[in-house]
Structure formats: structure tokens, C-alpha cells
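These are the residues of each chain, in order.
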Amino acid sequence: MAPEESEEAARLLRSFERRFLAARALRSFPWQNLEEKLRDSSGSELLLDILQKTVKHPLCVKHPPSVKYTRGFLSELIRKHEAVHVEPLDELYEALAEVLTAEERTHCHRSYLLPSGDSVTLSESTAIISHGTTGLVTWNAALYLAEWALEHPAAFTHRTVLELGSGAGLTGLAICKMCRPRAYVFSDCHSRVLEQLRGNVLLNGLSLEPDVTTPVQHPRHDTHDPESPRVTVAWLDWDIVTVPQLAAFQPDIVIAADVLYSPETALSLAGVLRRLSACREDQQALEAYVAFTVRNPETCQLFTAELGRAGIQWETEPCHDQKLFPYDEQSETAILKLTL
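Residues numbered from 1 in each chain as written. Predicted model: local features only at pLDDT ≥ 70, side-chain atom pairs only at ≥ 80, totals over all residues. Heavy atoms only, no water.

(A) Up close: the sheet that holds strand 7 (residues 287-293). Taken in spatial order, the 7 strands of this open sheet run 5-4-3-6-7-9-8, and their pairing is mixed. A strand with exactly one partner marks an edge of an open sheet, and here the two such strands are strand 5 (230-235) and strand 8 (313-316). Between one strand axis and the next, the sheet turns by 20 degrees as a mean value, whatever way the strands run. As paired elements, strand 3 (residues 160-164) and strand 6 (residues 253-257) share 4 bridges and run parallel to each other. Looking at the pairing, E163 lines up with I255 of strand 6. Strands strand 4 (183-188) and strand 5 of the sheet are contacted by helix 9 (residues 191-203), whose axis makes an angle of about 170 degrees with strand 5. (Pairing = 2+ DSSP bridges. Helix = DSSP H or I, 4+ residues; strand = E, 2+ residues; numbered from the N terminus. Axes fitted to C-alpha atoms, helices over the stretch in contact; angles between N-to-C directions. Contact = heavy atoms within 4.5 Å.)

See below:
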């Protein structure tokens, strides 16, 4: 195989690997490129390599995606093979047979590869809306903000980060693993989301601290690893949290992703940011970064208007260069930098 062909095949493998690990929509896979490659090749090595990078990937074996998703993926892979080659590929059919006998669960796993070679694995609900909340799955803006954070690690290094509306936890876990924060506070107001967040923190090898408002009982016997951030999962309702309660988190930087999906949440977010700004009256200004997918421009305008009324300055962050995670690039995603 010529060097350029080898590099093209490697890119194709990486694309299948990242999309499958993250359980992205099957229509987003480069199926046409695969078909072209298969027509130019007489062997089945490429399909076997894809099988190893997806269904047989160590991360997927340990933390599998949904049964329905894997079944659909393998069925499409078999269709592509049969369209080009006459002889069946036993390994594909064996993998499909295993999935057909597996039991579907209410939760599945998605994994995201980091530049360090490490990964973030999340347990998520198989339903977009589950238990009355959208916070049990990862949305595009969380991936976009995580990419931005990995491109700007100095914004988080040795600092205490407060995340509002953490959802499944992707952004925070990526920051904890790559940006060396001193402490990280995941927060949400839904009990199911908080339960899943705690599980995802532990799933990724991080330790959980007690609630930040709980005093340390035995500081002399603190066995915390200084190389690992202090991680807390906190219940935080934007509409009722008070300035003293927010001050107890002692944040150096605040982030939020995909929380501007309705006028009500936009107003609630502006309110909690206004209270956070009151925590810093005698201190250095607090920076906040809010990432969102533009679904309704009027909701975004409402949010920025509320920021103006609260005296909070804002500006749009430039688009970042890194494309580390697979997500829908057709949707408009932005990050606002606020000065509280």
C-alpha cells in the first residue's frame, strides 16, 4: 500500500473509531469512503481493522454502547461488505450474533479519546429525555466547550472550577484529566443527574470529596493526591441558591454548556450569574464561559439582554481550531466569555 493510501486508511479508521466510541449517529460515518476503499481492495483487512477499532475496542468491550446501536452498526458494516465481496466475513456475523443475544439496558456508554491517550467514558441514558430531564446525555456544546478547554488549559490550571448544569459530566471530566485544576465542582439540580454524575466521576478514576460546605474534620490526615483535583458533585438550583451558598464554592472560573435551550433557563442562568458576581465585590473579577448551540436566536438575545441589565460584560470567543470529538458541525455553536 502506497504511503498516501496508508494514511487515508488510517484516517478512515480513526473516524470510525471516534464516532463509534462516542455512539454518534450512524449516518455521520464515512460510509461512502469505506465503500470506495472496499472496491479498491480484494481483501477484508480494512473491515477487520474497523471491527477491532469499534465493537472489539477494549473500551467498548469494558463499557459497551447500546445493544441497538451496535446491532445497527454491524448490520450496516455487513451490508457494505456484501455489496462488494461475495464471500461472507465470519468475524462480522459472529459479532452480530453476540449482539443479537445481548439484553438492552436503560443506560449505555460513550467514550471520548483525549490527546494524551487517556479517555473519558460516560454512562448515559439511552433516551434523550429521561426522568423528566435532558441532563442524562451529552450535548454538542459540552463537546465544543471541552475542545476549547483543552486548547486553553491555562484558564483552569491550579484553579477552582464551578460548572453550572454539568449534565453527564463530559466537559468537567476532560478538564480534570487534561487541564490540572486545583478543584472542580460539578453541579446540577436534578437528583438523577447528580447520581449519574457521581457514577461517571468514579468511572473515570477520580475520587469524590464531601460536599464543599462540609468542613474537613481531620486536616492533618489529608491523604488527597496533590496531582489529582478535588472533585465535588453539588446540588445547585439556580432559582433559589443564595450568594453565601455560591461564595462557599470559592470559584476562580465558572463554566456552563448547553444550558440556553429555553427562555426560562436563560433567565435562571442570568440570575445565578448575577449572584455569582456579587460574591466578588472586593476581589478580582470572575470569568465565566457559556457554550451553547444556537437553537433559537431570540433565547440567546434574551440572555445577553439580561446580562446587560445585570451589568455583566460579555464577548464572543473566537472559534477554536481543535476538532477532537465527533459532533454535528452543521449546528451553530458559540462560547460567550463573561466578566462577573
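(B) Fine view of the side chain of N140. Locating N140 in the fold gives a position in helix 7 (residues 140-151). One polar contact links N140 to R24, side chain to side chain, over a distance of 3.3 Å. Leaving out residues up to four positions away in the same chain, N140 has contacts with R24, D258, T293, Y327, D328 and S331. (Polar contact = N/O pair within 3.5 Å; in protein donor to acceptor, adjacent residues only side chain to side chain.)

(C) Layout of the nonpolar core. In terms of nonpolar packing, the biggest core is built from 42 residues, with W148, F156, F186, I255 and F325 touching the most fellow members. Sorting the residues of this core by element identifies strand 2 (119-125), helix 7, helix 8 (170-178), strand 4, helix 9, strand 5, strand 6 and strand 7 as the ones contributing at least two each. Top contributing element to this core by residue count: helix 7, with 9 residues. Sequence-distant contacts of W148, defined by excluding residues within four places in its chain, comprise A155, F156, Y289, E317, H320 and I335. Counting 32 residues, the second largest nonpolar core, distinct from the first, contains F249, L269, L276 and L336. (Core = buried A, V, L, I, M, F, W, Y, C linked by side-chain atoms within 4.5 Å. Buried < 20%, exposed > 50% of the residue type's maximum accessible area, 1.4 Å probe, protein only.)

(D) The pattern of salt bridges, seen in detail. Within this structure, the stated rule accounts for 15 salt bridges. Between D258 and R295 there is a salt bridge, with its nearest N and O atoms 2.7 Å apart. Pair noted here: D258 is in the loop between strand 6 and helix 11 (263-278) and R295 is in the loop between strand 7 and helix 12 (297-309), with a separation of 37 residues, a long-range link. Judged by its relative accessible area of 9%, D258 is buried. In this structure, E287 engages K337 in a salt bridge whose closest nitrogen and oxygen atoms are separated by 3.7 Å. On the criterion of sequence distance, the pair formed by E287 in strand 7 and K337 in strand 9 (residues 333-339) is long-range, its members being 50 residues apart. Taking relative accessible area as the criterion, E287 reaches 25% and is therefore assigned partly exposed. (Salt bridge = Lys/Arg side-chain N within 4 Å of Asp/Glu carboxyl O.)

(E) Expanded view of the pairing of strand 1 (residues 107-113). With respect to burial, strand 1 is a largely interior element, 6 of its 7 residues being buried. Taken together, the 7 bridges between strand 1 and strand 2 define a ladder with antiparallel strand orientation. Looking at the pairing, S111 lines up with T121 of strand 2. Following strand 1, the chain reverses through 5 residues before pairing antiparallel with strand 2; G117 in that reversal takes a positive phi of roughly 100 degrees.

(F) Molecular detail of the packing of helix 7 against helix 8. Taken N-terminus to C-terminus, the directions of helix 7 and helix 8 make an angle of 15 degrees; their axes are 8 Å apart at the nearest point. Classified by the angle between their axes, helix 7 and helix 8 sit roughly parallel to one another. As helix 7 packs across helix 8, the resulting crossing turns out to be right-handed. Together, A142, L143, L145, A146, A149 and L150 of helix 7 and L170, T171, A174, I175 and M178 of helix 8 make up the contact between the two elements. Of the residues belonging to the contact of helix 7 with helix 8, the class tally is 10 nonpolar, 1 polar and no charged. (Parallel < 35°, antiparallel > 145°, perpendicular 65-115°, else oblique. Left-handed = near helix turned anticlockwise from the far one by under 90°. Nonpolar A, V, L, I, M, F, W, Y, C, P; charged D, E, K, R; others polar.)

(G) Representation of the packing of helix 3 (residues 45-53) against helix 5 (residues 67-84) in the model. Here helix 3 crosses helix 5 at 175 degrees, and the two axes come no closer than 11 Å. By the criterion of interaxial angle, the relationship of helix 3 to helix 5 is roughly antiparallel. Contact residues: helix 3 offers L47, I50 and L51, while helix 5 offers F73, L74, L77 and H81.

(H) Highlighting the side chain of R275. Within the element layout of this structure, R275 appears in helix 11. Lacking a salt bridge, the buried R275 has D239 as its closest oppositely charged neighbour, with an N-O distance of 5.4 Å. (Lys, Arg positive; Asp, Glu negative; His and termini not counted.)

(I) Structural detail: the packing of aromatic side chains. Applying the stated rule across the entire model yields 13 aromatic pairs. Summarising the aromatic geometry, the rings of F20 and Y69 are spaced 5.6 Å apart at their centres and angled 40 degrees between planes, so their arrangement reads as tilted. Here F20 is found in helix 1 (residues 3-21), whereas its partner Y69 is found in helix 5, with 49 residues between them in sequence. Side by side, F20 and Y69 carry an identical accessibility label, which is buried. The ring centre of Y327 lies 4.2 Å from the NZ or CZ of K323, which sits over that ring. (Phe/Tyr/Trp six-rings, centres within 6.5 Å; stacked < 30°, edge-to-face > 60°. Lys NZ or Arg CZ within 6 Å of the ring centre and 35° of its normal.)

Everything listed here is a matter of geometry and, on its own, says nothing about what the molecule does.
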